[in-house]
Amino acid sequence: MAWEEWEQLKAATAEQHTTRIQLNQAEPDFGGDTGTLLSNKAAWAKAGQDIGSLQEGIGKALGKLSDGQNGLGADTGCQTAGAQREVHGSWESYVKSVNRRCGQLASLLEKIGNDQLKTDEAIMVEIGNLKVAYGDTPAAGEPGKGR
């Protein structure tokens, strides 16, 4: 097929499909390019406080997680007790990590409210540092442990 024929086929197809749907675009006069985006220190502070308040519930969950281990007894003769201890250890570590993450993110959001003159890039770097520090942990019971 020659290039000219290909171009004719594309043009003919385009003429047949004149109606287009574009979902990623706002109304043409919606806001415009006026530079009126506002950031509110109080909103950042509230977001930080709300995330920080999650730590109380996480602390209670850690307590209940530990309470569930009471009276478990020795591992001797009971394979499920050993497995439960291993799972408990991994969950306790994970929940503590989530708790620290909430605390750090809360203070970061409050700091962003205070440091609104920082560039977007600097803020993204700080959030990226949290992602690196708190990447997902590997699943418990990896292959090769006999479970």
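Below or above, wherever it landed, is the structure these notes cover. Predicted model, so just to flag it, every value in this text is computed and none were measured.

1. What about a nonpolar patch on the surface?
A contiguous nonpolar patch, built from Trp3, Trp6 and Leu9 and spanning about 360 Å² of accessible area, is present on the exposed surface. Mapped onto the elements of the fold, Trp6 is located in helix α1 (residues 3-16).

2. What about the packing of aromatic side chains?
One pass over the full model with this rule turns up one aromatic pair. Each ring, one from Trp91 and one from Tyr94, has its centre 5.9 Å from the other, and the planes form 80°; the classification is edge-to-face. One end of the pair, Trp91, and the other, Tyr94, are both in helix α3 (residues 79-114), three residues apart, so they sit about a helical turn from each other.

3. Quick notes on the environment of Asp50
Within the secondary structure, Asp50 sits in helix α2 (residues 41-67). Look at Asp50 and you get partly exposed, because its relative accessible area is 37%. Taking C-alpha positions, Asp50 is 7.7 Å from Ala106, a pair spaced 56 residues apart along the chain. Among the polar contacts made by the side chain of Asp50, one reaches the side chain of Lys46 at a distance of 2.8 Å.

The rules behind the values
- Residues numbered from 1 in each chain as written.
- Predicted model: local features only at pLDDT ≥ 70, side-chain atom pairs only at ≥ 80, totals over all residues.
- Heavy atoms only, no water.
- Patch = residues over 30% accessible without salt bridge, like charges linked within 9 Å, V, L, I, M, F, W, Y side chains within 5 Å.
- Areas by Shrake-Rupley, 256 points an atom, 1.4 Å probe, with all protein chains shown as cover.
- Salt bridge = Lys/Arg side-chain N within 4 Å of Asp/Glu carboxyl O.
- Helix = DSSP H or I, 4+ residues; strand = E, 2+ residues; numbered from the N terminus.
- Phe/Tyr/Trp six-rings, centres within 6.5 Å; stacked < 30°, edge-to-face > 60°.
- Buried < 20%, exposed > 50% of the residue type's maximum accessible area, 1.4 Å probe, protein only.
- Polar contact = N/O pair within 3.5 Å; in protein donor to acceptor, adjacent residues only side chain to side chain.

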